[in-house]
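The primary structure of each chain is shown beneath.
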Amino acid sequence: MALLKIEDLKLDIENSNQNIHILHGINLVINERDRLGLVGESGSGKTMTMRTIVQLLPKKAKIMSGKVIYQNQNLLEKTEKEMENIRGREISIIFQDATSALNPVYPIGKQISDIYLRHKGRDKRKALEETVDILRRVSFPKPSESVKAFPHELSGGMSQRVIIAMALMCSPKLLIADEPTTGLDVTIQNQVIDLILDVIKETDVAFVLISHDIGIVTKACSKIAVMYAGHIVEIGTTRIILEKALHPYTKGLVRCYKTILGKRMAYIRGSTPELTKTISGCPFESRCDVAMDICKRQKPKSIQFEKEHWVACHKWSN
Amino acid sequence: MNKNSFRNWFRFLSRRIILLLIVLILITSIAFFVTRFIGSPVYLMVGSQRSEEIIEAARQELNLDKPLSVQYFIYINDLLHGDLGISRFTYNPVIDDLKRKLPATLELATVSIILISILGIILGFTAAVKRESFLGKFANWISSIGVSVAPFWLALMLIFLFYFIFRIVPAPIGRIDSNINLTAHYSGFYLIDSLLAGNIDAFISSVYHLILPVFVLVFTTTPYIFKLVYSDVVEVLRSNYIQNARAFGLKKITIYRYILKNIAPSLLTLIALNFAVLISADIVIEKVFSWPGLGLYALNAMNNSDYCPVISIALLAAIVYNLLYFLADTFSIIIDPRWGLE
Amino acid sequence: MYYSLKKRGNNVLRFVLINYKSHLKLSFAVTFLVLISILAIIAPFLPINEPTKTDMFNTNAPPSHEHWFGTDENGMDIFSRTINAARYDLIIAITAVLIGSTIGIILGAIAGYVGGLFENIIERFAEMIQGFPYILFGMLIYMMIGGGIAALIIVIMVYNLPFYAKLVRSEIKSLKNIPFVQAAICAGTKPYMIVFKHLIPNALPTIFGQFPLSAASAIRFVAALSFLGLGIPPPTPEWGSMIQLGANSIIFGKWWISGFPGLTLFFVVWALNSLGVSLQAYIKKEN
């Protein structure tokens, strides 16, 4: 069952003299109980896509066209007040640096309770109960005492647990995690991912993990969407992506990942295109080893290659 | 509060209190040495043209013939008993004069600081949240004028405008119209006393007399609060935790509450400092409006070469400043637990 | 990032010239300051009325063709007094700020470099000085050594000291850890050379940005103290004492006696403040 559908989303950022094209027509479907990973290099548009869902975009960002359909409504048409009701309650998004994401002057218990009180009623005692409960669920040591702790007393991993607790407090239907592990120690990284997966195991939450680290994504997600220069170039299950990837970029990424495991360095030649120029053909064309004539002229449309496998590449569109 | 944080609190507070006491002792000692350097105290008290006997008698009475260390102890002893000397031109003990004049200055300072704080916070918040708005730019512009203008000149110009030309404020001759009789004396604050006594005329008159001096003080002091709130709020708005609070759908009011608590410590300290300044340094305003407070008292004393009141007020100013700073600091650690970890 | 002093001077000049048109307020401020400085310097040679010449037939006269700003109760021409007052105010402000800042800078630099108990003591002293209301301080000085220019300079000097000490101290502390300086320490350079040759010059840009602001507050001090009778005694023209002279006449409607000096005072202070703020913003951006 489709929980959220992004239809043909185009996003620009207005600079002083020119527009930077961030997203070029994104199409994405997120189902209930999905474990979707969104991979791509920095600047590929992964964060912007997810931020558009909750409308937490920078001031200069302008949505040129497209829809985000959630519960039969277009989120892009909603007012800020309506979005405030949705954020934290139906759709939660957590970001990278956990420690600085917590307000230093309030104890963590209060910050978590505030979210309950915002979305679910005014009973302070119930809020405290739920806070202790959610802290227990994220394996926070001594939950009933820790509610009085202040953020600066916590380590990075602990802070991240608090953030996860805040995100899941109101049992949202969609949880988006934007690079939650970047900057943490490798051992902590695995802990955090395991924790998230553990907590959402028994629930209906759909989970989207954004990362440039394909290793983490393959570990945590059942489905992967690959983004390049503001386009989605391939979507498939984790197994399909790892073993049967079709798009040259995806193949390159997977090759890099596998050689890391095998301790040899592979790379994809070239660099990402400039975002100010409008590209008429396939964005990956300049770095592609199997590029054809048509790749320069026409943008490839996304086609369904097999069950649970879509790709946008001229090579495979027949 | 667990055991550990209580220990932290204790350490923090005791350190602050000890520092406060040291500063107070230093200040009183400096005041002592200053008094011994002002010409010859005897001549100041008695005049230099008297006969030898009278001068000698005065010297003995003032304890000036005793060694310096003994004088110091007598001085400290007097101080702790509230004896600040006798004013030469009012013939009252200085401490009594201070008690009588304090409410006037305090009333002016209190009314002003309340308005300054409210105005500064509201303007600072609005300008920071809506940066490009008209109000933001206007507030910035007005505050640059407020810091540059000389308060006494502004006061005079306003008197000219609103008293001489428009006749909507009373003459600058004190706190209340001279034909109004206010006998109630609960707090020394005319505003409160007149209300408590049910004397509406007195209340209205006090308000009218307060308008102009308060306006000048507010106009010249609010910019400092405004600037602090503005820059702090701008910085907090950019922080990660505010972005996150928005991401979890918290209401705007909640976010404002979050921001306020974050800027509270430095804001509180600045307000406390400005309050101290208003209490102790308002001499010019009091002179222009003939406001019978501490400042005018000090000025008159000085013009009469009467040094006891001046020294006492200087002492009082230093004590008030350090006390308020200490209070602000203590409250800051309650608000922001990181404040005490240095 | 570590310019030589000469290059920095050029940068400031270039900054002013380039931004003249785009920053109207700042340009106006600078122009005004330059103008009044020039006027102040050439004041004695200007073909206007003598500032202390009394004209007893013409006292308290409103502005007229003969006396552009009117006359005060002694019949002295306010316009020429205003211009001449600029000389005293500006000179006192600049001198006092320079002396006070120099001492403050040296103390602050040593405090920042040496640290420890010395730094703590300096910090406490600075706090004490800053907390004390300057007017009361002026009164005490007046009672001890009388009024006049010496007293004013002492007050301004003492008041500016902690400001600069604190500023320099924090600058030095952050500069101490830059590899450049660490290298010099490793090479065995003597401490005082490090402080004077490396640390202070590199802290100077930030300090420069503070100068106009200190000058502005110094001028306000002088005016306020003179207003109370503690500063420059009449008949020497000074904005503060001129305002005081006119204070009693205000309620009779004679606004020009206090009005013009105060207005000029306001513009000078405002111009200096604007200059200081823009300079600080520019220096921050450069870093």
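Throughout this description, residue numbers start from 1 for each chain and increase along the sequence as written. Think of it this way: whatever chain is written first is A, whatever ligand is written first is 1, and the rest follow in order. Selection of residues for local features in this predicted model requires a pLDDT of at least 70, selection of side-chain atom pairs for listing and counting requires 80 or more, and totals for whole chains, interfaces and linings are taken over all residues. Note: side-chain values were computed over all heavy atoms of the structure, leaving out hydrogens and water.

1. Describing helix α7 (residues 186-199) of chain A
All names here are of chain A.
Here is step 1 of the chain: Strands here are runs of E lasting at least two residues and helices are runs of H or I lasting at least four, both read from the DSSP assignment and numbered beginning at the N terminus. Multiply 1.5 Å by the residue count of a helix minus one, and that product is the helix's expected span. The first and last C-alpha atoms of α7 sit 20 Å apart over 14 residues, in line with the 20 Å expected at 1.5 Å per residue.
Here is step 2 of the chain: Throughout this description, buried means an accessible area under 20% of the type-specific maximum (1.4 Å probe, protein chains only), exposed means over 50%, and partly exposed covers the range between. Residues of α7 that are buried: Gln189, Val192, Ile193, Leu195, Ile196 and Val199. Projected onto a plane normal to the axis of α7, the buried residues spread over an arc of 155° and lie on a single side. Projecting away from the buried face of α7 at angles above 90 degrees are the exposed residues Val186 and Thr187. Throughout, the arc means that of the directions going from the helix axis to the C-beta atoms.

2. Regarding the interface of chain B and chain C
Here is step 1 of the chain: Facing 43 residues of chain B, the contacting portion of chain C comprises 37 residues.
Here is step 2 of the chain: Across the chain B/chain C interface, buried area totals approximately 3500 Å², and carbon plus sulfur atoms make up 80% of it.
Here is step 3 of the chain: Interface area lost by chain B to chain C is led by B:Phe152, B:Trp153 and B:Met302, which between them contribute 17%.
Here is step 4 of the chain: One side-chain nitrogen of Lys or Arg within 4 Å of one carboxyl oxygen of Asp or Glu is enough to make a salt bridge. At the boundary of chain B and chain C, one finds 0 salt bridges.
Here is step 5 of the chain: At the level of secondary structure, the elements contributing two or more residues to the side of chain B that touches chain C comprise α1 (3-37), α6 (134-148), α7 (151-165), α12 (283-289), α13 (294-303) and α14 (307-335) of chain B. Contact definition: two residues touch when any of their heavy atoms are within 4.5 Å. We define buried area as the total accessible area lost by two parts upon association, computed with a 1.4 Å probe and summed across both.

3. As for the packing of α7(B) against helix α9 (residues 200-237) of chain B
All names here are of chain B.
Here is step 1 of the chain: Here α7 crosses α9 at 140°, and the two axes come no closer than 10 Å. It follows that α7 is oblique to α9 by the angle criterion. The chirality of how α7 crosses α9 is right-handed. Two secondary-structure elements touch here, α7 through Pro151, Leu154, Ala155, Leu158, Ile159 and Phe162 and α9 through Leu212, Phe215, Val216, Phe219 and Thr220.
Here is step 2 of the chain: Under this grouping Gly is polar, as are all residues other than the nonpolar Ala, Val, Leu, Ile, Met, Phe, Trp, Tyr, Cys and Pro and the charged Asp, Glu, Lys and Arg. Looking at the contact of α7 with α9 residue by residue, the classes come out as 10 nonpolar, 1 polar and no charged. Axis definition: a line fitted to C-alpha atoms, over the contacting stretch in the case of helices. Angles run 0 to 180 degrees between N-to-C directions. Note on terminology: angles under 35 degrees are roughly parallel, angles over 145 are roughly antiparallel, angles of 65 to 115 are roughly perpendicular, and the others are oblique. Two helices crossing with the near one rotated counterclockwise from the far one by less than a right angle form a left-handed crossing, whereas a clockwise rotation gives a right-handed crossing.

4. Quick look at the pairing of strand β10 (residues 231-237) of chain A
All names here are of chain A.
Here is step 1 of the chain: With 7 of 7 residues buried, β10 lies mostly within the body of the structure.
Here is step 2 of the chain: The pairing of strand β9 (residues 223-228) with β10 spans 6 bridges and is antiparallel. Residue pairing for β10: Tyr228 is matched across the bridge by His231.
Here is step 3 of the chain: Taking the residues that link successive antiparallel strands as the turn, the β9-β10 hairpin has 2 residues, and the phi of Ala229 there is positive, at about 50°.
Here is step 4 of the chain: For two strands to be treated as a pair, DSSP must find no fewer than two bridges joining them. Relative to strand β12 (residues 309-311), β10 runs antiparallel, the two being bridged by 3 bridges. Its bridge partner being in β12, Glu234 is matched across the sheet by Val311.

5. Some thoughts on the pattern of salt bridges
Here is step 1 of the chain: Per the counting criterion, the structure on display carries 16 salt bridges over all chains.
Here is step 2 of the chain: For the salt bridge of A:Lys173 with A:Glu90, the shortest nitrogen-to-oxygen distance reads 3.6 Å. Taken together, the residues span a long stretch of sequence, with A:Lys173 in the loop between α6 (156-168) and β7 (174-178) and A:Glu90 in the loop between α2 (80-86) and β6 (91-94) at a distance of 83 residues.
Here is step 3 of the chain: When the shortest N-O distance is used, the salt bridge between B:Arg100 and B:Asp97 registers 2.9 Å. On the criterion of helical spacing, the pair formed by B:Arg100 and B:Asp97 is a turn pair, its members being 3 residues apart in helix α5 (residues 94-129).
Here is step 4 of the chain: Since its relative accessible area comes to 54%, B:Arg100 is described here as exposed.
Here is step 5 of the chain: Here B:Asp97 falls in the buried class, since its relative accessible area comes to 0%.
Here is step 6 of the chain: A cluster of three or more residues bridged by salt bridges with shared partners is formed by A:Glu80, A:Arg87 and B:Arg246.

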